[in-house]
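As a plain string of letters, each chain reads:
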Amino acid sequence: MFLNKGLYLLPDKMCEGTLQRDMVKQVLPNARSADSGSYSQGAGSDLSFGCHVSTTNHSWLSGKARVQPASPKEWLEYYRNPGDQNRIVRVSVGKIEALTQIDSSGDTASVYMPCTPPSVPEYNASESYAVVGEAWIKGPARVKGVPLGQTLTDFAYQLTQHAYKLAECKGARDFPEELPRYAAP
């Protein structure tokens, strides 16, 4: 008899509170065991924060957020591939934008949040800076399509909020509790 309690044995909150066990259970299939980990490196405009959960059945839920020079247009173009059949679904609130790929794999979501790092004087900033969060799944998934994209986006959003605070971005920002929900295509 195989025990499938791996996901249930994960902590309720992981990766400095950016990932909840319920999110993991929504997207990863049951497994005998699961493990989580996170990292934080750099500061300010060099900050990067990541989190992952891996299981014995070779499923991974991973995400990272980092500060980088990028405009909203550059961020969006990164995910558009003219030769690909990915359908990108987007939502936004204020200047915070999110997207996910709804296709046969549907395995990536990203969040864009403007951020001016403390090392960049606002009057001298020639480039747009942002915290860009990304979440993805590798291996078998419990759900696909919009439900998978929504959970990945929620995870990326939590990573982005956390990295925004760690990077000490200039200017106070109110974070909505959650981003708007994706509509089913």
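To start, this report covers the structure provided alongside it. (Residues numbered from 1 in each chain as written. Predicted model: local features only at pLDDT ≥ 70, side-chain atom pairs only at ≥ 80, totals over all residues. Heavy atoms only, no water.)

1. Section: the sheet that holds strand S4 (residues 48-55)
Heads up, the rule is: Pairing between two strands requires that DSSP report at least two bridges joining them. Secondary structure elements follow DSSP: runs of H or I no shorter than four residues count as helices, runs of E no shorter than two count as strands, and numbering proceeds from the N terminus. Here the axes come from fitting lines to C-alpha atoms, over the contacting stretch only for helices, and the angles between their N-to-C directions go from 0 to 180 degrees. We call two residues in contact whenever any of their non-hydrogen atoms come within 4.5 Å of each other.
As summarised here, the arrangement of the seven strands in space is S3-S4-S5-S9-S8-S7-S6, forming an open sheet in which the pairing is antiparallel. This sheet does not close on itself; its edge strands, each paired only once, are strand S3 (34-41) and strand S6 (87-93). Across the sheet, the mean angle from the axis of one strand to that of its neighbour is 15°, orientation sign disregarded. Bridge analysis of S3 against S4 gives eight bridges, and the strand direction is antiparallel. Within S4, the position partnered with Gly37 by the bridge is His52. Running over the sheet, helix H2 (residues 72-79) touches strand S5 (60-69), S6, strand S7 (96-102), strand S8 (108-114) and strand S9 (129-138) and is turned about 10° from S7.

2. Digging into the side chain of Gln20
Heads up, the condition is: Any pair of nitrogen or oxygen atoms within 3.5 Å is treated as a polar contact; in protein, a donor-acceptor pairing is required on top of that, and neighbouring residues in sequence qualify only through side-chain atoms on both sides.
Structurally, the position occupied by Gln20 is in strand S2 (residues 19-20). Polar side-chain contacts of Gln20 include one of 3.2 Å to the backbone oxygen of Gly17. Setting aside residues up to four positions removed in sequence, Gln20 forms contacts with Asp12, Lys13, Met14 and Gln158.

3. Observations concerning the pairing of S6
Pairing of S6 with S7, which is carried by seven bridges, proceeds in the antiparallel orientation. Bridge pairing in S7 places Arg90 opposite Leu99.

4. Details of the state of the cysteines
Note: disulfide means a covalent bond formed between the sulfur atoms of two cysteine side chains. Heads up, the condition is: For this text, the term disulfide refers to a pair of cysteine sulfurs within 2.5 Å.
With the rule as written, the count across this model stands at two disulfides. A sulfur-sulfur distance of 2.0 Å marks the disulfide that ties Cys15 to Cys51. Between Cys15 and Cys51, the S-S torsion sits near 70°, and that sign places the bridge as right-handed. In this pair, Cys15 sits in the loop between strand S1 (13-14) and S2 while Cys51 sits in strand S4, placing the two residues 36 residues apart along the sequence.

5. Things to note about the pattern of salt bridges
This is how the line gets drawn: Here, a salt bridge means any side-chain nitrogen of Lys or Arg that lies within 4 Å of a carboxyl oxygen of Asp or Glu. Think of it in three bands: with a 1.4 Å probe and only protein chains considered, a residue is buried below 20% of the maximum accessible area for its type, exposed above 50%, and partly exposed in between.
Applying the stated criterion to the full structure yields six salt bridges. A salt bridge links Arg21 to Asp12; its shortest N-O distance comes to 3.7 Å. The partner of Glu178 in a salt bridge is Arg181, with the nearest N and O atoms 3.6 Å apart. The exposure class assigned to Glu178 is partly exposed, which follows from its relative accessible area of 49%. Because the salt bridges share partners, they merge into one network encompassing Asp154, Glu178 and Arg181.

6. So, helix H3 (residues 145-166)
Applicable threshold: Multiplying 1.5 Å by the helix residue count minus one yields the expected span of that helix.
Over its 22 residues, H3 extends 32 Å from the first C-alpha to the last, a length consistent with the 32 Å expected when each residue adds 1.5 Å. In terms of burial, H3 is a largely internal element, 18 of the 22 residues being buried. One or two residues past the end of H3 sits Glu168, with phi positive at roughly 55°.

7. Focus on the environment of Ala163
Structurally, Ala163 can be placed in helix H3. For the pair Ala163 and Ala65, spaced 98 residues apart in sequence, the C-alpha to C-alpha distance is 6.2 Å.

8. A look at the side chain of Asp107
Within the secondary structure layout, Asp107 lies in the loop between S7 and S8. Relative accessible area serves as the criterion here: at 16%, Asp107 is assigned to the buried category. Within the local environment of Asp107, its side chain forms a polar contact with the side chain of Thr108, the two groups lying 3.2 Å apart. For Asp107, the contacting residues outside a window of four places in its chain are Gln101, Ala135, Trp136, Ile137, Lys138 and Leu152.

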